[in-house]
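Fold and geometry: a report
Residues per chain are reported as follows:
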Amino acid sequence: MISEEYLYAIALRECNHIGNIQFHKLVRTFGSAREAWKRAKKEYKKLEGIGQKTVSDIGNATHLEFAEEELNFCEKNNIRIRLKHHNEIPFLLNECNDAPAVLYQKGELNDTKPKVSIVGTRNMTDYGRQFIENFFEATRFSKYTSVSGLALGVDKEVHEQSLYYRKPTVAVLAHGFQYLYPAKNRRLSDKILHEGGALITEFSSSRKPDRENFIQRNRIIAALSPSTIIVETGFGGGSVSTAAFANDYNRDVFALPGKITDASSQGCNQLIFHNKATAISTIKDLVRLLEFDDPKEKTAELFPYSETAIQLSDNQYLIYQSIKEYPHISLDDLAQKIDVSTHKILPIILELELLGKVKSFSGRQFIAI
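Residues numbered from 1 in each chain as written. Predicted model: local features only at pLDDT ≥ 70, side-chain atom pairs only at ≥ 80, totals over all residues. Heavy atoms only, no water.

So, on to the overall build of the chain. A count of helices and strands for the chain gives 16 helices and twelve strands. By the compact-globule yardstick of 21 Å for 369 residues, the chain fits well, its C-alpha radius of gyration being 23 Å. With the C-alpha coordinates aligned to their principal axes, the bounding extent of the chain is approximately 70 × 45 × 35 Å. Going through the 369 residues of the chain one by one, you find that 54% of them count as buried. Measuring between centres, the 47 positive side-chain charges of the chain sit 3 Å from its 46 negative side-chain charges. (Helix = DSSP H or I, 4+ residues; strand = E, 2+ residues; numbered from the N terminus. Rg over C-alpha atoms; globule rule 2.2 N^0.38 Å. Buried < 20%, exposed > 50% of the residue type's maximum accessible area, 1.4 Å probe, protein only. Lys, Arg positive; Asp, Glu negative; His and termini not counted. Charge placed at Lys NZ, Arg CZ, Asp CG, Glu CD.)

Another point: the sheet that holds strand β11 (residues 358-361). Taken in spatial order, the three strands make up an open sheet running β10-β12-β11, and their pairing is antiparallel. The open sheet terminates on both sides in strands that have one partner only, identified here as β10 (329-330) and β11. Two elements, β10 and strand β12 (residues 365-368), share two bridges in a ladder whose sense is antiparallel. When the bridges of β12 are listed, S330 appears paired with Q365. Contacting β11 and β12, helix α16 (residues 342-354) crosses the sheet at an angle of about 115 degrees to β11. (Pairing = 2+ DSSP bridges. Contact = heavy atoms within 4.5 Å. Axes fitted to C-alpha atoms, helices over the stretch in contact; angles between N-to-C directions.)

Our focus in this paragraph is the packing of helix α1 (residues 4-14) against helix α2 (residues 20-30). Helix packing geometry: the angle between the two helix axes and the distance between the axes. One can describe the packing of α1 onto α2 by two numbers: an axis separation of 10 Å at closest approach and a directional angle of 135 degrees. Classified by the angle between their axes, α1 and α2 sit oblique to one another. Considering how the two elements wind past one another, α1 and α2 form a crossing that is right-handed. Contacts between α1 and α2 involve A9, L12 and R13 from the first element and N20, F23 and L26 from the second. Class assignment for the residues of the contact of α1 with α2 results in four nonpolar, one polar and one charged. (Parallel < 35°, antiparallel > 145°, perpendicular 65-115°, else oblique. Left-handed = near helix turned anticlockwise from the far one by under 90°. Nonpolar A, V, L, I, M, F, W, Y, C, P; charged D, E, K, R; others polar.)

Turning our attention to empty space enclosed by the protein. Applying the stated criterion to the full structure yields three cavities of 30 Å³ or more. If you add up the space inside the largest cavity, you get close to 60 Å³. Of all the elements in the fold, those that place two or more residues in the lining of the largest cavity are β9 (278-279) and α13 (283-290). Counting residues per element, the lining of the largest cavity draws most heavily on α13, which supplies three residues. Residues that form the lining of the largest cavity fall into these classes: seven nonpolar, four polar and two charged. (1 Å grid on protein atoms, 1.4 Å probe; cavity = no way out; pocket = protein on both sides within 12 Å on 5 of 7 lines; lining within 4 Å. Points joined across faces, edges and corners; volume = space filled by probe spheres on them.)

What follows concerns the sheet that holds strand β5 (residues 169-172). Taken together, the nine strands give an open sheet; going across it, the order is β1-β2-β6-β5-β4-β3-β7-β8-β9, and neighbouring strands pair in mixed fashion. The sheet is open, and its two borders are formed by β1 (80-83) and β9, each paired with just one other strand. Relative to strand β8 (residues 252-255), strand β7 (residues 227-230) is paired through four bridges, and the arrangement is parallel. Note that in β8 the partner of I229 across the bridge is F254. Packed onto the sheet, α1 meets β1 and β2 (102-107) and runs at close to 75 degrees relative to β1. Sitting on the sheet, helix α10 (residues 211-224) touches β3 (115-119), β4 (145-148), β5, β6 (198-201) and β7, and the angle it makes with β5 is about 155 degrees.

Right, let's get into the environment of R39. Take R39: it is sitting in helix α3 (residues 33-39). Here R39 falls in the partly exposed class, since its relative accessible area comes to 24%. C-alpha of R39 to C-alpha of I58: the two residues are 19 residues apart in sequence and 9.1 Å apart in space.

This brings us to the side chain of E202. Positionally, E202 belongs in the loop between β6 and α10. On the basis of relative accessible area, E202 is assigned to the buried category, the value being 11%. Side chain to side chain, E202 and Q216 meet in a polar contact 3.4 Å long. Of note is the side chain of E202, whose polar atom sits 2.5 Å from the side chain of R219. Those residues in contact with E202 that sit more than four places away from it in its chain are N20, P100, V102, L103, Y104, Q216, R219 and I220. (Polar contact = N/O pair within 3.5 Å; in protein donor to acceptor, adjacent residues only side chain to side chain.)

Inspection of the secondary structure assignment puts Q161 in helix α8 (residues 154-164). Note on Q161: relative accessible area 11%, which makes it buried. Look past the residues within four positions of Q161 in its chain and what remains in contact with it is I132, E133 and F136.

Quick look at the pairing of β4 now. Of the two faces of β4, the one carrying T145 and V147 and the one carrying S146 and S148 are both buried. Here three bridges tie β3 to β4, and the two strands are oriented parallel to one another. Looking at β4, one finds that V116 is bridged to S146. Each parallel crossover has a hand, and the one from β3 via helix α7 (residues 126-138) to β4 is right-handed. (Right-handed = clockwise from strand over helix to strand, strands pointing away.)

This part covers the layout of surface pockets. Considered as a void within the structure, the second largest pocket measures approximately 370 Å³ in volume. What lines the second largest pocket is a set of 18 residues, and nearest its centre among them are R122, F214, R217, N218 and G238. Those elements giving two or more residues to the lining of the second largest pocket turn out to be α10 and α11 (238-248). Examining the composition of the lining of the second largest pocket, we find that six residues originate from one element, α10, more than from any other. Class assignment for the residues of the lining of the second largest pocket results in five nonpolar, nine polar and four charged.

This is the structure we're talking about:
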């Protein structure tokens with residue numbers, strides 16, 4: 001029997017003007033969703049930054065009726081309801097101030113296993129497919145859970161490769177469980193559940209896959225894992241928003257560089273150029289930076305290079321040595337230290353990233369690797 005706190009949490013989240021951040025503020029103030037439902041409208045002055053208009057829809061009986069129907073639907077369809085204020089959602093997601101107040105889950109999500117989020121364009125090329133195949137081949141002995149968005153293209157390939165290598169995979173949906181978008185991935189979604197993975201969403205069961213839901217979905221993909229890999233994306237592609245969320249959450253972001261003339265690589269190249277993602281130079285380096293278990297067998301590299309063959313230019317060597325001497329040095333501090341302007345340093349750092357010599361972090365900080 002599901003406790004009535006779930007009923008009030010769903011009803012409260014359904015109210016107009018009550019988003020996840022407002023929900024969390026209400027629960028912190030009144031102690032529970034139930035108490036917030038009963039008291040917030042009269043005692044809203046206790047809430048910092050929340051006015052009468054925000055709480056005006058709380059207590060609406062229609063939302064309680066909706067919540068009752070939602071609970072019945074979830075019980076009939078083996079959907080678990082997880083509440084953030086009960087610490088029931090995955091711990092990395094729980095860290096985020098805009099984490100979903102209510103999360104719906106089908107299947108199993110082992111929160112003790114490392115996770116990596118991998119996303120990209122629906123218009124995947126052979127280059128992107130080869131990278132994904134090589135990545136899963138290289139990590140076949142590593143124990144982790146993949147996270148993606150169940151879209152066509154890169155997402156679909158990520159889920160399928162996970163299943164092929166018997167790794168649990170989590171699909172984050174942009175709609176409620178009455179729907180499955182795209183419909184052609186229904187068989188894949190069933191297989192994800194059958195093989196020990198999970199489907200999760202913050203949207204109630206009747207919520208359709210509206211356009212704006214996908215950006216909301218992307219923040220959950222970014223929040224679930226310590227690292228996000230962008231395989232291929234164009235300018236302004238949805239995966240760019242996933243990278244932006246990951247940066248905001250202080251997660252590592254990696255992007256697969258490509259030709260500047262390839263539309264499907266232009267978003268990745270831009271992320272790298274603006275220090276919003278670390279360039280992927282080799283599968284080996286990527287696996288090491290992800291801190292996955294070392295593979296038990298040597299695997300072929302997608303972008304092989306010889307460590308001894310790398311000959312740094314004078315400028316590259318100066319910047320590399322400075323970063324090596326001062327780990328996590330900021331761009332401004334580096335420019336001051338070597339007396340070179342930042343706009344001249346950035347292209348050289350990108351070269352060093354492509355050579356696998358430097359890794360960048362959010363806030364324009366760098367380490368030598």
